[in-house]
Amino acid sequence: MKNNHLMNYLILLVLLMTGFISKAQHEKLPITSISGSAVELYYEATAAMENAELARGEMLLQEALKKDPEFFMGLFQMAINNLYLGNQDKFKKCAEAAFISYCASSEGEKILQQALKRLYQNPKADVTDLGRKLLQLYPEDKLMYYTQLTFQSLQKDYPGIQETCNSLLEITDNPSPAYNILGYNYMRLEDFEAAEKAFDKYIELLPNHPNPYDSKGDFFMQVKDYSSAYNSYMTANRLNESWGYEKAMKAKKLMEAEK
């Protein structure tokens, strides 16, 4: 095992020296891997997750890790996803692999590794200070904003989420997910007028995707407008039959109970 790690480290060192390591522009977090395909799959995975295609995102991350089993950013993303979803065993397994990854070579990757170590020791640890460091280092990298949003969500820092989302909107090439996050965040803050406006903007930006209508359905459920919730969920279902049906049936039962 030690010899394998030494060999991997030497391969990484050679790639760094010869310039074949995959790196983003300087204003974005440099991602290191011995496999360019792994990095490409990682970016495809994060794009899928941006658009609420979580199963596809996880599949792509798994494919990236097949290309490079010690690919730090793939392991980090898998770990943080599982932590957010409450899958502690999977989180710990991915985090432990990330701790020994030879790929965590850039300053940003080392900060992310530090955040994982804190969360491994205490899943309720506040790592938003490390998220702020990442944003200072890479202010044009939208993935660092999503990372900070995850850190803030774990802390239920709703004012912080609003601030980060507003900053994300200034730099992102895909604003629609930020409006979705803002919509749910405004609901938690009980600012339902702002929440509806955010979800309406999400629908405007992605009119042919089921998730905006699913999210608007959740909004209507929260304000107890069950008829509108049913219609919104069914719109999502018409766009993609794997979305919205069970929620629509729940809204329908509540709607009928009011009669």
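Residues numbered from 1 in each chain as written. Predicted model: local features only at pLDDT ≥ 70, side-chain atom pairs only at ≥ 80, totals over all residues. Heavy atoms only, no water.

1. Here's the deal with the overall build of the protein chain
1) Next: A count of helical and extended segments in the protein chain gives 14 helices and zero strands.
2) Next: Tracing the protein chain from N to C terminus, the helices and strands come up as α-α-α-α-α-α-α-α-α-α-α-α-α-α.
3) Next: Every one of the 259 residues in the protein chain was classed for burial, and the buried ones make up 47%.
4) Next: Contacts spanning at least 24 positions in sequence make up 50% of the contacts within the protein chain whose residues lie at least 6 apart.
5) Next: Here the protein chain displays about 13600 Å² of accessible surface, and carbon together with sulfur accounts for 51% of that area. (Helix = DSSP H or I, 4+ residues; strand = E, 2+ residues; numbered from the N terminus. Buried < 20%, exposed > 50% of the residue type's maximum accessible area, 1.4 Å probe, protein only. Contact = heavy atoms within 4.5 Å. Areas by Shrake-Rupley, 256 points an atom, 1.4 Å probe, with all protein chains shown as cover.)

2. Remarks on the side chain of Asn-185
1) Next: Among the secondary structure elements, Asn-185 is positioned in helix 10 (residues 176-188).
2) Next: Among the residues examined, Asn-185 registers a relative accessible area of 0% and is labelled buried.
3) Next: Apart from residues no more than four positions distant in its own chain, Asn-185 is found in contact with Tyr-158, Ile-161 and Gln-162.

3. Some remarks on the packing of helix 4 (residues 72-84) against helix 6 (residues 107-121)
1) Next: Relative to each other, helix 4 and helix 6 sit at 35°, their axes nearing to 11 Å. Here helix 4 runs over helix 6; the crossing is left-handed. Contacts from Phe-72, Met-73, Phe-76, Ala-79, Ile-80 and Leu-83 of helix 4 reach helix 6 at Glu-109, Leu-112, Gln-113, Leu-116 and Leu-119.
2) Next: A class-by-class count of the residues in the contact of helix 4 with helix 6 yields nine nonpolar, one polar and one charged. (Axes fitted to C-alpha atoms, helices over the stretch in contact; angles between N-to-C directions. Left-handed = near helix turned anticlockwise from the far one by under 90°. Nonpolar A, V, L, I, M, F, W, Y, C, P; charged D, E, K, R; others polar.)

4. Concerning the pattern of salt bridges
1) Next: Tallied over the full model, the rule gives eleven salt bridges.
2) Next: Across the salt bridge formed by Lys-197 and Glu-193, the nearest N and O atoms sit 3.7 Å from each other. Of this pair, Lys-197 and Glu-193 both sit in helix 11 (residues 192-205), four residues apart, which is roughly one turn of that helix. Residue Lys-197 shares its accessibility class with Glu-193, and that shared class is exposed. (Salt bridge = Lys/Arg side-chain N within 4 Å of Asp/Glu carboxyl O.)

5. Here's the deal with unusual backbone geometry
1) Next: Unlike most non-glycine residues, Ala-52 shows phi in positive territory, near 65°.
2) Next: Topologically, Ala-52 is positioned in the loop between helix 2 (36-50) and helix 3 (54-67).
3) Next: Although it is not a glycine, Lys-224 adopts a positive phi angle of roughly 65°.
4) Next: Among the residues examined, Lys-224 registers a relative accessible area of 58% and is labelled exposed.

6. A closer look at the environment of Phe-199
1) Next: With respect to the helices and strands, Phe-199 occurs in helix 11.
2) Next: Judged by its relative accessible area of 0%, Phe-199 falls in the buried class.
3) Next: A C-alpha to C-alpha distance of 8.2 Å links Phe-199 and Leu-182, two positions 17 residues apart in sequence.
4) Next: Once you skip the residues sitting within four places of it in the chain, Phe-199 turns out to touch Asn-180, Gly-183, Tyr-184, Met-187, Ser-215, Lys-216 and Phe-219.

7. Describing the confidence of the model for the protein chain
1) Next: Of the residues in the protein chain, 90% reach a pLDDT of 70 or more, and the chain-wide mean stands at 89.
2) Next: Across the protein chain, the element-wise mean pLDDT spans from 39 in helix 1 (residues 2-18) up to 98 in helix 11.
3) Next: Within the model, pLDDT remains below 50 along residues 1-25, and this stretch shows 27 contacts once partners closer than five positions in the same chain are excluded. (pLDDT = per-residue confidence, 0-100.)

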